[in-house]
Structures are given as structure tokens and as C-alpha cells.
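# Structural characterization, general
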Amino acid sequence: MRRGERKVRHVSHVETPPSPLQTQDAEVHAWLQREDRRQANTLTMIASENHCSAAVREACGSRITDKYAEGYPNRRYYGGCEAADGIEELARQRAMQLFGAEDANVQPHSGTTANLAALTALAGPGGRIVGMALKAGGHLSHGHDRSHSGMLFSAKQYGVDGSGRIDLDDVRKVVREHQPKVLIAGGSSYARNIDYAGFAEIAREFGAHLMADIAHPAGLVAAGVVPSPVGIADVVTMTTHKTLRGPRGGMILAKAEAAKAIRSAVFPGAQGGPLVQQIAGKAVAFGEALRPEFKTYQQRVKDNANWLAECLIEAGLDIVTGGTDNHIVLVDLRKADVTGAEVEERALAAGLAVNKNAIPDDPRPPMVTSGLRLGTPAVTTRGFGHDEIQAVARVIVGLVRGGDPDSFRATVQQLCEAYPLP
Ligand SMILES: Cc1ncc(COP(=O)(O)O)c(C=O)c1O
């Protein structure tokens, strides 16, 4: 059977009984059903989102959600933690194998918590840090003044050059001036490979620790299709739900000498009891990522992003840095005379989830923006390749040029039905 052809199903006359949630709480059940339908009928091109497997979802919805397990495997403050210990240790071992890391802490509830814990361990309370500015493509948790990372640490930021790329000479200048304890490499809308060795050299020169945040490209790094900071940076933080295609959560990889400080900065420093059900989901996702087909998937994510950028450029759109090395394509809408917010809204009406995003030195405010961040992880999970990316690129160009969203709805719906959710 070819892709896109519908299987003929024999309709069973046995009705499935209502689920416990459906029986007990029709309102929550209805909202969740609505989200299922939204995901099924929407092409997600939000670069930070993906569709995890049914196995990951099953682990996250398991009974171990009831278990308190403060502490670490074999050193817990609660009894009955045998399964929690086994799961956490399995997740740690798989993560270390996947990334070639000396230590893995799988407890952070999120990427932001992972960053706060890592910064506390490496810089100490109130310590000086340097990271990439939000408006240049960095993340809030890299020292932005509205984030705890900017309130509790003394932060200075570096930007990007006129072409949208990190300029290591500028990074060195900011580090020389601020003398930080931690230099952060990584971003949220940076589409180019990062020279981790170059960052490490600057950190060493000024006696700083290097922290790499690979929240976005973690899956690509694990599969070896983009450069890895593991073994170069002292600490590597990430989320597990973006390209890595696991459950919502965070993780910290560390060199052996930093592992102890990271452990206590996560618990009891930044968190109480770990979310063991999420750690079980992480273990499942890392198991999936260790299989050969994960590398094929990640290569395809990258090829699809590259092809998407080519299609958009061919149609006359501007792409920040002129292309991509990873899963992100950042469109500069200034010449098209439309805002990121407007295109985001039109796209949603057509069944396409994308997000408005600041471009470097964006003249417009963050809720409006002059950019559109696109990503290929979720549509690649659905099975998209060359032709489907080309079709979706045509939709995006049409929407940017002011086309009626309704005129694209059928194309998007056909793609959703031909490539269902996993
Ligand atoms: C680079 C980077 N670090 C950290 C985070 C924060 O992750 P979370 O939303 O899980 O706190 C993000 C999220 O988008 C990110 O892009």
C-alpha cells in the first residue's frame, strides 16, 4: 500500500467503553479530544515542537506519577523507590551512551530549570554570566532581565553580526569586559552550527566555564548530524521535547568533575521531587534515539529544513543568514511588508502552526516581530520528504504574499491526512 492511501477498515459493532476520564470529567476529556483533533489537522512547523511516540506518552501517563522520589538513585528520602531508581538509572545510562557524556542528570523539569541549576552550580549565586541576547536568537534563560537568570545573576549579552551570525570576536569582547564565571553558547532561533571549540577557547582564556545549551538541536547532536559540544563544554543543557522527540522536560550532561555540583544544584537547589513519569518517558525516548532509524530521521529533519530554505529563497523570500545548518529556518519578512504576527495568524487559519519570531535587530516589538521561525522536526516525524516540503513552502509563500488562508486549507488538510500523527 502506498503512502496516503487509506486502509479499508472493517467497522466493528463492538463499541469501546468510555474511558475513566470521559466518564468522570467530560470537560477535561473534551478539551483533550479537541487538542488531539487540532494536532491531527494541523501541520506543526513550530521549530521547538515535535510529536513523541505513543510509547513515550504511555510512560508519562503511568502510575509512577504518584511516586515521590526526592534524592537520587539509591539515596532517596522516601521508601519504595525501587522502580524510580531503576527508571532513573536507565534514563541516565542511555543518555550518557547517546551523547557520549561522562554524567547525565535527567531530573530537570524543563530547559529553564536545567539552565538555572547549571548556572547556579557553575557561577554561584549572583555570579557573572554571558549569553546570547534574546533579540539575537538566544533564550530568556541565558540572562534576560525578565528571567531569574537575569535577576539572580549579573548578566551581559552578546549579539550577532550584520549577516545574523555569531561573531566570536564580539563574544570575546563582551567576555573580556564582563569577566564572567560562565559563558553560554546556544540559542532558540539560531539556524547555524555553533563553533563550540571557539567558545571554549574564549572561556579558557578568561577563566570561565563553558555551558552549551542544545535545547533546539539536541536530536541532531545525538544523531551526529550537527557538531556536538559534549567533551568540549563543561556542562551541556537541553530540553528533551524538541528535536530529541521525547517528553516535555530538561536534562544536564556534565564532565565528571562538575557532576556533583550539578546534582545538588538540581536537587535540592532548584527542585523538590523529580517527575518520575517524565523520566520514564525520557528513558523511552533515549532508547528510541539509540536506534539506527533515529539517525535517518534526524538527517531528514536537516535535509528538509535545507530544502525548505531553498524553496523559500527561490520564491524571493529573505532567510536570516541565507539558509540553515539545522532544523530551523528564520524568515526575514521586512521586505515582504508583513509582520510575523500577521503571517502566524493567516497560517493558523490555513492549518499551519508557525511562530512569529524576532529577527536580529528587529524594529518591531516582540508580540509583532518581522520574522517567522519555521522548523521541520514535527512534519518530518509525520513522514514529510522533498515533495511535501515543496508543497508546504508554496503555502507559506502564498500566505506571506497575502493569499486567502482558506484557499490553502484543502492542500494542508490533504497533507495531514496523507501523513497522520504517529
Ligand atoms: C535554547 C533554549 N533553552 C532553554 C529553553 C527552555 O525550555 P523550557 O521551555 O522547557 O523551559 C528553550 C525553549 O524553547 C530554548 O530554546
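Residues numbered from 1 in each chain as written. Predicted model: local features only at pLDDT ≥ 70, side-chain atom pairs only at ≥ 80, totals over all residues.

### Side note on the site of the ligand
For the record, the criterion: Using a C-beta atom placed from the backbone, a residue is scored as near a molecule or strand whenever that atom is within 6 Å of it. Secondary structure is summarised from DSSP: a helix means a run of H or I of at least four residues, a strand means a run of E of at least two, and numbering begins at the N terminus for each. The nonpolar class holds Ala, Val, Leu, Ile, Met, Phe, Trp, Tyr, Cys and Pro. Asp, Glu, Lys and Arg form the charged class, and all remaining residues, Gly among them, are polar.
Taken together, 15 residues lie around the ligand, and S110, G111, T112, S188 and A215 are the ones closest in. Counting residues per element, the shell around the ligand draws most heavily on helix 5 (residues 111-123), which supplies 3 residues. The class makeup of the residues in the shell around the ligand is 1 nonpolar, 13 polar and 1 charged.

### Quick notes on the nonpolar core
Inside soluble globular proteins, nonpolar side chains tend to come together where they are buried. Quick note on the threshold: Residues enter a nonpolar core if they are buried, belong to Ala, Val, Leu, Ile, Met, Phe, Trp, Tyr or Cys, and are joined to the set through C-beta atoms within 7 Å. Here exposure depends only on C-beta density: within 10 Å of a residue's C-beta, 20 or more other C-beta atoms make it buried, 12 or fewer make it exposed, and intermediate numbers make it partly exposed, the C-beta atoms being placed from the backbone. The domain limits used here are those given by an automatic or database domain assignment. Note on contacts: residues are paired as contacts if their backbone-placed C-beta atoms lie within 7 Å.
Residues A118, L183 and V329 are the most contacted members of the largest nonpolar core, which totals 129 residues. Of all the elements, helix 12 (residues 292-314) adds the most residues to this core, at 9 residues. When residues of this core are assigned to domains, at least three fall in each of domain 1 (59-289) and domain 2 (293-418). Sequence-distant contacts of A118, defined by excluding residues within four places in its chain, comprise M211, V235, T237, I252, I262 and A265.

### Section: helix 4 (residues 82-99)
It helps to recall that an α-helix has 3.6 residues per turn; residues three or four apart then point in one direction. Test applied: In this analysis, the expected span of each helix is defined as 1.5 Å times one less than the number of residues it contains.
Between its terminal C-alpha atoms helix 4 stretches 26 Å, which fits the 26 Å expected from 18 residues at 1.5 Å a residue. Turning to helix 4, its buried residues number three or more, namely A84, I87, E88, A91, R92, R94, A95, L98 and F99. Of the surrounding secondary structure, the elements contacted by the buried residues of helix 4 are strand 4 (103-105), helix 9 (218-223), strand 10 (250-254) and helix 11 (276-289). At the exit of helix 4 stands G100, carrying a positive phi of roughly 65°.

### Looking at the packing of helix 5 against helix 10 (residues 256-270)
Keep this limit in mind: Working convention: axes come from line fits to C-alpha atoms, limited for helices to the stretch in contact. Angles between N-to-C directions cover 0 to 180 degrees. An angle counts as roughly parallel when it lies under 35 degrees, as roughly antiparallel when it exceeds 145, as roughly perpendicular when it falls between 65 and 115, and as oblique in every other case. By convention, the crossing between two helices is left-handed when the near helix turns anticlockwise from the far helix through less than a right angle, and right-handed when the turn is clockwise.
Packing of helix 5 against helix 10 leaves a shortest axis separation of 8 Å and a crossing angle of 125°. Classified by the interaxial angle, the pair formed by helix 5 and helix 10 is oblique. Considering how the two elements wind past one another, helix 5 and helix 10 form a crossing that is right-handed. Residues T113, L116, A117, A118, T120 and A121 of helix 5 pack against A258, A261, I262, A265, V266, G269 and A270 of helix 10. Of the residues contributing to the contact of helix 5 with helix 10, the split by class is 10 nonpolar, 3 polar and no charged.

### Let's talk about the sheet that holds strand 8 (residues 209-213)
Strands belonging to one sheet form pairs held by backbone hydrogen bonds; the direction of such a pair is parallel or antiparallel. Basically, it comes down to this: Strand pairing is defined by DSSP finding a minimum of two bridges between the two strands.
Read across the sheet, 7 strands follow the order 4-10-9-8-7-5-6 without closing on themselves; strand pairing throughout is mixed. A single partner strand is all that each edge strand has here, and the edge strands are strand 4 and strand 6 (154-158). Pairwise comparison of adjacent strand axes, ignoring direction, gives a mean angle of 20° for this sheet. Bridge analysis of strand 5 (residues 128-132) against strand 6 gives 5 bridges, and the strand direction is parallel. Note on strand 6: the bridge partner recorded for I129 is A155. Of the strands in this sheet, strand 5, strand 6 and strand 7 (182-185) touch helix 7 (residues 168-178), which is tilted by about 160° from strand 6.

### Describing the pairing of strand 5
Most of strand 5 is tucked away, with 4 of its 5 residues classed as buried. Relative to strand 7, strand 5 is paired through 2 bridges, and the arrangement is parallel. Paired with I129 across the bridge in strand 7 is V182.

### With respect to the domain arrangement of the protein
The domain boundaries assigned to the protein delineate domain 1 (59-289) and domain 2 (293-418). A straight line from the C-alpha centre of domain 1 to that of domain 2 covers 28 Å. Taken residue by residue, the interface counts 25 residues in domain 1 and 22 residues in domain 2. Elements represented by at least two residues in the side of domain 1 that touches domain 2 include exactly helix 9 and helix 11. Among the elements that make up the side of domain 1 that touches domain 2, the one with the highest residue count is helix 9 (3 residues). Here the side of domain 1 that touches domain 2 is composed, by residue class, of 9 nonpolar, 10 polar and 6 charged.

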